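Single-letter residue listing:
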Amino acid sequence: MFARVFIFAVLLFGLSSISARAFGFADEIIYFVMVDRFADGTTINNRDVDPNNPLAFQGGDLVGLREQLDESVDLGATMIWITPVILQIDEPIDHSNGQFYPHHGYWASDLNAIDPRFGT
Ligand SMILES: [Ca+2]
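Residues numbered from 1 in each chain as written. Predicted model: local features only at pLDDT ≥ 70, side-chain atom pairs only at ≥ 80, totals over all residues.

A. A look at the pairing of strand β6 (residues 108-114). Taking burial as the measure, the 7 residues of β6 include 0 buried ones, a minor fraction of the element. Two elements, strand β3 (residues 86-88) and β6, share 3 bridges in a ladder whose sense is antiparallel. Bridged to Leu87 within β6 is Asp110. (Buried ≥ 20, exposed ≤ 12 C-beta atoms within 10 Å, placed from the backbone. Helix = DSSP H or I, 4+ residues; strand = E, 2+ residues; numbered from the N terminus. Pairing = 2+ DSSP bridges.)

Rendered as structure tokens:
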């Protein structure tokens, strides 16, 4: 079992290293941003936001990200990778801890539309 995990990890590292070179960002310093959790730039788009519920949206949006770009640069980032901001499913999913909303951006309902909760 350990050997399989090790081989998988080596393959994964190797592929990611090759991909980074192939796409030209091997030397970049990437700052990963989960848009909903980063910065709430405007409350106009806040829907399904509940600061007391970690499973709900927290209001972060593209406006907040844009306002904080200088901070990312000051940290040394040369590239920003954001979670998807495409239109998400509209209803939360039942979870053992409550209603789970698609704040992570990976429950798409339309790949051609921006989710208004992430701003414009
Ligand atoms: Ca917001």
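Having put the structure on the table, let's press on.
B. Geometry of the environment of Ala39. By secondary structure assignment, the location of Ala39 is in the loop between α2 (35-38) and α3 (62-67). Exposure remark for Ala39: the 19 C-beta atoms within 10 Å place this residue in the partly exposed category. Residues Ala39 and Leu65, 26 residues apart in the sequence, show an inter-C-alpha distance of 6.1 Å.

C. Broad picture of unusual backbone geometry. In this structure, Asp48 takes a positive phi of about 65 degrees despite not being glycine. Here Asp48 lies in the loop between α2 and α3. For Asp48, a count of 19 C-beta atoms within 10 Å puts it in the partly exposed group.

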